[in-house]
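Residue-level listing of the chains:
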Amino acid sequence: MSSNLRQRSVVSSFICTSPSAPNGLTFALFKRSNDVSSYQGKWAVCSGSIDADDPNPEAAAKREIQEETTLSDADITLLRKGKPFSLTDEGLNTRWTIHPFAWQLKNGAKEIKFDWEHTEYRFIKPEDIHEYDHVPQLEVGMERVLVRPETGEALAALRNDHESGAQALAVKALEMLLKAVRGQELSQLATSEEFWAELRWRAWHLAKNGRPSMGAAIEAELLKALDIVSTRVYSSVYGGIGAIPLPDLKGIAATAISERISATQHSLESLAQYCLDLMGSKSIESVTNIVTLSSSGSITRTLARFVESTTKNRGYVKITVLESRPSFEGVTFVNTLLNSFREDKDIHSHLKIEIVSDASIATVIGDAQYLIFGGDKVLPNGNVSNKIGTLTAAMLSKELNPGCKILALFATNKITGSGYALEHLKVEYNDPKELTSAWPESYRQQLNEHQENGYQVEVRNAYFEWVPAKYIDQYISDIGALEKADIERLAGESEELEKRIFGDL
């Protein structure tokens, strides 16, 4: 292979109909014109180079789609991304790195209008791709974004779960992988090598395409389970995947995943204990004033332990909870917290809870001793992603009450590698109806009329935001208090594990 190959990174976008459509999933195939610089007359999907000013491959893919088809965010939504791969074309003296994506057309999407780069397009079924004279390895990109039905159903379940926290989603993903090990689709594979490859592909898609904004814990737990499988196989008498009988490999996989489910479920207890040690159990007549928001399993268990310990010693606890629109997770948190207590008169008389609107944070932070929040993702630099409203609370706490300790609580499986900083800093927007459903019907109708009359009004429903490390006083995890250096080290270990498990896929 020539060492002087031109290096090019490109995106490859499969514009798809819904998998649940009457004809199933189809995707748009375009015939390249004679005016393009490469592969004239070949069939391809919407593709193009990643430019220096593109923030990430996904942004480049959306730009290329708009340029080549006029489709925009109003017409398409990301269905899933595929693992990048490389190919060499000696004839063009080029080494291509291809980032594949699948995009689903929304209901009411406008028609595709192709530009000078193509002469025609048509929607085809995936199994018909071999009937077309297409660009090299198009089928590889296709295979990386299309999944088996069981995996598609699992991804949809994770993507549409807006109730569970990140830790609960990680357990859910492990249960899905365990179901796959025992399921019908993987039982059709004949060899241990095929099974191991497909099991890792399932895990890759669950990690990357299930719920990306909350995917750190999902990915970490799946990787830990697969690492246990790999370690046990290679340390066994068989010495490797190729030598172990398939039933034995399935048994090891099922056991390893089950162990991670149990370990993940119990990690909250360790986290709660470390936080309790830091805050200390308050004594008689003292009052601890805590502000929190959203609904987090870590926060719920931690504050339950703190309340039980403090009220037992005749101390008082006041917890102020932001309601956390649009789904009012703060109210859910309060109900879950109170349900965890036994009928104890000491708790009744020594615990006071206030639920306030998100916009009220400035009025309640002034006398707080602690602002406590969870983390759905933690970057190597110590920045933490959490529910919208967290950043405002942290900033106002620093400004209005510098003595208030800001604590970020999370399991170490929330710590991600540097790749997340590039790919997932974008804001996750969800169905605007979650926001507008709380409005009076007359308000919604009036706004709809204004929109129909041409006024540009968009309702946006953001879920998460980043809290920079400079606003956080202490990180508490399931292995104890962490410094930023610890987070950076754990992030590096996470990246190495991902390379070891997914690197050869």
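Look a little higher up for the structure.
Just so you know, these numbers come straight off a predicted model, no measurement behind them.

The rules we used
- The numbering scheme is per chain: residues are counted from 1 as the chain's sequence reads.
- Local features in this predicted model are restricted to residues whose pLDDT is 70 or higher, and side-chain atom pairs enter the listing and the counts only when it is 80 or higher, whereas totals over whole chains, interfaces and linings include all residues.
- Each side-chain value is derived from all of the structure's non-hydrogen atoms; neither hydrogens nor water enter the calculation.
- Relative accessibility under 20% of the residue-type maximum defines a buried residue, over 50% an exposed one, and the middle range a partly exposed one, all with a 1.4 Å probe and only protein chains included.
- Starting at the N terminus, helices and strands are each numbered in turn, a helix being any DSSP run of H or I of at least four residues and a strand any DSSP run of E of at least two.
- Two strands make a pair as long as DSSP finds a minimum of two bridges between them.
- Crossovers are described as right-handed under a simple rule: with the strands pointing away from the observer, the path leading from the first strand over the helix to the second runs clockwise.
- Centres within 6.5 Å make a pair out of two Phe, Tyr or Trp rings, where for Trp the six-membered ring is used; the pair is then stacked when the planes are under 30 degrees apart, edge-to-face when over 60, and tilted otherwise.
- Whether a charge sits over a ring comes down to the Lys NZ or Arg CZ being within 6 Å of the ring centre and within 35 degrees of the ring normal.
- By the convention used here, residues are in contact when the closest approach between their heavy atoms is within 4.5 Å.
- Each axis is a line fitted through C-alpha atoms, and for a helix only the stretch in contact is used; angles between axes span 0 to 180 degrees, taken between their N-to-C directions.
- Put simply, a nonpolar core is a bunch of buried Ala, Val, Leu, Ile, Met, Phe, Trp, Tyr and Cys residues held in one set by side-chain atoms that sit within 4.5 Å of each other.
- Helix span, as expected, comes to 1.5 Å for every residue beyond the first.
- Note that the term roughly parallel is reserved for angles under 35 degrees, roughly antiparallel for angles over 145, roughly perpendicular for angles of 65 to 115, and oblique for everything else.
- Whether a crossing is left-handed or right-handed is set by the direction in which the near helix is turned from the far one by less than a right angle, anticlockwise for left-handed and clockwise for right-handed.
- Residues are grouped as follows: nonpolar covers Ala, Val, Leu, Ile, Met, Phe, Trp, Tyr, Cys and Pro; charged covers Asp, Glu, Lys and Arg; every other residue, Gly included, is treated as polar.
- For salt bridges, the criterion is a side-chain nitrogen of Lys or Arg within 4 Å of an Asp or Glu carboxyl oxygen.

Visitor: Just checking my understanding: could you explain the pairing of strand S9 (residues 287-293) for this structure?
Guide: For a regular strand, side chains alternate in direction, first toward one face of the sheet and then toward the other. By the criterion of burial, S9 is predominantly enclosed, with 6 of the 7 residues buried. With 7 bridges joining them, S9 and strand S10 (residues 316-322) adopt parallel strand pairing. Paired with Thr292 across the two strands is Val321, which belongs to S10. Where the polypeptide runs from S9 across helix H9 (residues 297-312) and back to S10, its parallel neighbour, the crossover connection is right-handed.

Visitor: Looking at this structure, how should I read the packing of aromatic side chains?
Guide: Aromatic rings in a pair are described by how distant their centres are and how their planes are angled relative to each other. What the rule picks out here adds up to 10 aromatic pairs. A centroid spacing of 5.3 Å and a plane angle of 70° characterise the contact between Trp43 and Tyr132, whose relative ring orientation is edge-to-face. Pair noted here: Trp43 is in strand S3 (residues 43-44) and Tyr132 is in the loop between strand S8 (118-124) and helix H2 (138-145), with a separation of 89 residues, a long-range link. Consider the rings of Phe114 and Tyr121, whose centres lie 6.2 Å apart with planes at 75°: the pair is edge-to-face. Judged by its relative accessible area of 33%, Phe114 falls in the partly exposed class. Ring-pair connections join several aromatic residues into one group, and the members of that group are Phe30, Phe114, Tyr121 and Phe123. Of note, Lys387 hangs over the ring of Tyr463, and the distance from its end group to the ring centre comes to 5.3 Å.

Visitor: Just to check I follow, could you spell out the side chain of Thr436 for this structure?
Guide: Tracing the backbone through its elements, the reader meets Thr436 in helix H15 (residues 433-436). The exposure class of Thr436 is buried, given its relative accessible area of 12%. Setting aside residues no more than four positions away along its own chain, Thr436 makes contact with Arg444 and Val459.

Visitor: What is the right way to look at the sheet that holds strand S13 (residues 377-378) in this model?
Guide: Sheet strands pair by backbone hydrogen bonding; their relative direction is either parallel or antiparallel. The 3 strands are arranged S13-S14-S18 in an open sheet whose pairing can be described as antiparallel. Each of the sheet's edge strands pairs with one partner strand only, and the pair in question is S13 and strand S18 (464-467). Pairing geometry for S13 and strand S14 (residues 384-387), over 2 bridges, is antiparallel. By the bridge assignment, Val378 is partnered in S14 with Val384. Here helix H13 (residues 390-400) sits on the sheet in contact with S14 and S18, set at roughly 30° to S18.

Visitor: In this structure, what is going on with the nonpolar core? I would like to understand it.
Guide: Ranked by size, the top nonpolar core spans 50 residues in total, and within it Phe195, Leu199 and Leu222 carry the most contacts. Ranked by the residues each element gives to this core, the list is headed by helix H4 (residues 166-182), at 11 residues. For Leu199, the residues in contact, after removing those within four places along its chain, are Leu177, Val181, Leu186, Leu226 and Ala253. Counting 28 residues, the second-largest nonpolar core is a separate cluster that includes Val291, Leu322, Ile361 and Ala491.

Visitor: I would appreciate a short explanation of helix H1 (residues 57-69) in the present structure.
Guide: Residues spaced three or four apart along an α-helix point in a common direction, a consequence of the helix completing one turn every 3.6 residues. Here H1 contains 13 residues, and its C-alpha end-to-end distance of 18 Å stays within 8% of the 18 Å for a straight helix at 1.5 Å per residue. On its buried face, H1 sits against strand S1 (6-16), strand S2 (27-32), strand S4 (46-49), strand S5 (76-81), strand S7 (94-105) and S8. Just beyond H1, the residue with positive phi is Thr70, at close to 70°.

Visitor: Just to check I follow, could you spell out the packing of helix H6 (residues 192-209) against helix H8 (residues 246-279) for this structure?
Guide: Packed helices, taken two at a time, are described by the angle their axes make and the gap between the axes. Two numbers describe how H6 lies on H8: the axes approach to 9 Å, and their chain directions differ by 25°. The angle between the axes of H6 and H8 places the two elements in the roughly parallel class. Along this stretch, H6 crosses H8, giving a crossing that reads as right-handed. Contact with H6, carried on its side by Ser192, Phe195, Trp196 and Leu199, involves Leu246, Leu249, Lys250 and Ala253 of H8 and no other residues of that element. Taken together, the residues of the contact of H6 with H8 sort by class into 6 nonpolar, 1 polar and 1 charged.

Visitor: Even after reading the chapter, I still don't get the sheet that holds S10, so can you show me in this structure?
Guide: Taken together, the 7 strands give an open sheet; going across it, the order is S11-S10-S9-S12-S15-S19-S20, and neighbouring strands pair in mixed fashion. Lying at the two open borders of the sheet, with one neighbouring strand each, are strand S11 (351-356) and strand S20 (480-482). Neighbour to neighbour, the strand axes of the sheet diverge by 25° on average, direction disregarded. The pairing of strand S12 (residues 370-374) with strand S15 (residues 405-409) spans 5 bridges and is parallel. Its bridge partner lying in S15, Ile372 is registered against Leu407. Its contacts with the sheet place H9 against S9, S10, S11, S12 and S15, and it is angled at close to 160° to S10. Sitting on the sheet, helix H10 (residues 329-339) is in contact with S9, S10 and S11, with an inclination near 165° to S11.

Visitor: Looking at this model, I keep getting lost on the pattern of salt bridges. Mind explaining?
Guide: Two side chains with opposite charge may pair up if their charged atoms get near one another. Under the counting rule described, the total for this entry stands at 31 salt bridges. Asp504 is the salt-bridge partner of Arg200, the closest N and O atoms lying 2.5 Å from each other. Here Arg200 is found in helix H6, whereas its partner Asp504 is found in the segment after helix H17 (484-502), with 304 residues between them in sequence. Given the relative accessible area of 6%, Arg200 is considered buried. In this structure Asp504 comes out as exposed when scored by relative accessible area, which is 59%.

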